[in-house]
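# Inside the fold
Residues per chain, in single letters:
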Amino acid sequence: MMKVAVFNAKRYERGVIEKVADGHPFEFTFLETRLDFQTAALATGHEAVLIFVNDVADRAVLEKLAAGGTRFLGTRSAGFNHIDREAAEELGIQLAYVPAYSPNAVAEFTIGLILTLGRHIHEGHNRVRRADFNLEGLCGFELRDMTVGVCGTGRIGTEVVKLLSGFGCKILAYDEEPNEEVTLLASYVDTREELFRYSDILTLHVPLMPSTFHLIDEAALGLMKDGVFLINTSRGALLDTPAVVEALKTRKVGFLAIDVYEEEASLFFEDRSSDIIKDDTFARLLTFPNVIVTGHQAFLTQHALRNIAETTVQSLDEFSRGVSCSHSVPLP
Ligand code: NAI
């Protein structure tokens, strides 16, 4: 039996992992806690470790895991910016991820955020629940009158373009490597600055990397249309959040919908309703009527959970049999 420690194991995914792994020689230890320097010792004696987006897998943690006998680390996510890939290679820890468990899940959620905020559906729902049927302040816009900019047309961005094409809006796209499928439905611009300049709605689908860190900062915001609608369902650190808060105050940013937040690791995925939130930037975001924040749930569909479990179990199986991993994390 290969021992597998599963960090950040939520109830909604444990059953799916167990079902998909049924019949495999794996013994799972499901841990509520996230992986970090303090909790890494819990994996001692586990040859394989599974993590999620807000677990810490930096050099110090990986060294601790390696010392405890871990030789395989799989992230149950499409992003792998939280893993020190060089350290893992040096320590002989094999890395796997889930590149495309369901781009549609994130793409559909992105459209959901645009429609919810653009038509004030969340506010309408709240009003009706307190028997307030007044429509004042609920006037929205129609997507057919908008130019939507899609930044990053990989797996998720391409699905977003396809879904948007049904709404009759003008679609602009930017990617370092344009995708032919997208050219049928959207017009590529040559620079991201052009995308910022001409979009009424801008949605981000690039990965977090040094070149995309704080992609949306004060300078980028300065190029955008007044009242621009920003959506981020990719990674929090694509936004310089304090700069976006300032732009919300001046109404430069007219709408903001985010499923991810730069400092989310100490907030998201847990019930903190009895805690005092100490992050003033995050707390300020929650005060704006034109901001929606969700807690990194864009991926969360039954389809996606099943695919995440299947790919992860396949990677564990390949590792346990010593064959090359079909979903190994690309080398840095
Ligand atoms: P992907 O790798 O298929 O596509 C990324 C695209 O960005 C590629 O086409 C690439 O050429 C482009 N790109 C990279 N750097 C760029 C730059 N500097 N400027 C312009 N384009 C650039 O990735 P996928 O599957 O579409 O996912 C995108 C991101 O979405 C992931 O990295 C992850 O961080 C995030 N994500 C968020 C989820 C959520 O629950 N909120 C769930 C899954 C993924």
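Note that the structure is predicted; figures quoted are calculated from it, not measured.

### Regarding the environment of proline 25
Here proline 25 is to be found in the loop between α1 (11–21) and β2 (26–30). Judged by its relative accessible area of 44%, proline 25 is partly exposed. With 22 residues separating them along the chain, proline 25 and lysine 3 place their C-alpha atoms 8.8 Å apart. The residues contacting proline 25, other than those within four sequence positions of it, are Met1 and Met2.

### Here we look at the nonpolar core
Side chains of nonpolar character tend, in soluble globular proteins, to be buried together. Counting 43 residues, the largest nonpolar core has Ile216, Leu221, Met224, Leu230 and Leu256 as the members making the most contacts within it. Examining the composition of this core, we find that five residues originate from one element, helix α10 (residues 241–249), more than from any other. Setting aside its immediate chain neighbours within four residues, leucine 256 contacts Leu117, Leu230, Leu239, Val244, Leu248, Leu285, Asn290, Val291 and Ile292.

### Some thoughts on the packing of aromatic side chains
The full count for this structure, using the stated rule, is 11 aromatic pairs. When the ring of phenylalanine 26 is compared with that of phenylalanine 28, the centres are 6.2 Å apart and the planes differ by 80°; the resulting orientation is edge-to-face. Looking at phenylalanine 26, the relative accessible area reads 8%, which means it is buried. Measuring from centroid to centroid gives 5.6 Å for phenylalanine 52 and phenylalanine 269, while their planes differ by 65°, and the two rings are edge-to-face.

### Thoughts on the pattern of salt bridges
Under the counting rule described, the total for this entry stands at 15 salt bridges. A salt bridge links aspartate 132 to arginine 130, with the nearest nitrogen and oxygen atoms 4.0 Å apart. Between lysine 162 and glutamate 159 there is a salt bridge, with the nearest N and O atoms lying 3.2 Å from each other. Of this pair, lysine 162 and glutamate 159 are both found in helix α6 (residues 155–164), three residues apart, which corresponds to roughly one turn of the helix. Owing to a relative accessible area of 33%, lysine 162 belongs among the partly exposed residues under this scheme.

### Looking at the site of the ligand
Inspection of the region around the ligand gives 23 residues, with Tyr101, Arg155, Ile156, Asp175 and Thr233 positioned closest. Arginine 235 is positioned with one of its side-chain polar atoms (N or O) 3.3 Å from an oxygen atom of the ligand. For the ligand, the protein covers 88% of the area, taking 870 Å² as the surface of the free molecule. When each cavity is represented as a set of grid points, the ligand is found to reside in the largest pocket. By residue class, the composition of the shell around the ligand is nine nonpolar, eight polar and six charged.

### What to know about the domain arrangement of the protein chain
Partitioning the protein chain into structural domains gives domain 1 (2–101 + 302–321) and domain 2 (103–293). A separation of 30 Å is found between the C-alpha centroids of domain 1 and domain 2. With 13 residues of domain 1 in contact, the opposing surface of domain 2 contributes 10 residues. Across the domain 1/domain 2 interface, buried area totals approximately 960 Å², and carbon plus sulfur atoms make up 52% of it. By the criterion of area lost to domain 2, the three top residues of domain 1 are Lys10, Asn54 and Asn81, representing 43% of everything that side buries. Across the domain 1-domain 2 interface, the total number found is one salt bridge. Joining domain 1 to domain 2, the criterion identifies five residue pairs in polar contact (both at pLDDT 80 or more).

Parameters and conventions
- Residues numbered from 1 in each chain as written.
- Predicted model: local features only at pLDDT ≥ 70, side-chain atom pairs only at ≥ 80, totals over all residues.
- Heavy atoms only, no water.
- Helix = DSSP H or I, 4+ residues; strand = E, 2+ residues; numbered from the N terminus.
- Buried < 20%, exposed > 50% of the residue type's maximum accessible area, 1.4 Å probe, protein only.
- Contact = heavy atoms within 4.5 Å.
- Core = buried A, V, L, I, M, F, W, Y, C linked by side-chain atoms within 4.5 Å.
- Phe/Tyr/Trp six-rings, centres within 6.5 Å; stacked < 30°, edge-to-face > 60°.
- Salt bridge = Lys/Arg side-chain N within 4 Å of Asp/Glu carboxyl O.
- Near = heavy atom within 4 Å.
- Polar contact = N/O pair within 3.5 Å; in protein donor to acceptor, adjacent residues only side chain to side chain.
- Areas by Shrake-Rupley, 256 points an atom, 1.4 Å probe, with all protein chains shown as cover.
- 1 Å grid on protein atoms, 1.4 Å probe; cavity = no way out; pocket = protein on both sides within 12 Å on 5 of 7 lines; lining within 4 Å.
- Sits in = over half its atoms within 2 Å of the grid points.
- Nonpolar A, V, L, I, M, F, W, Y, C, P; charged D, E, K, R; others polar.
- Domains from an automatic or database assignment.
- Buried area = accessible area lost by both parts, 1.4 Å probe.

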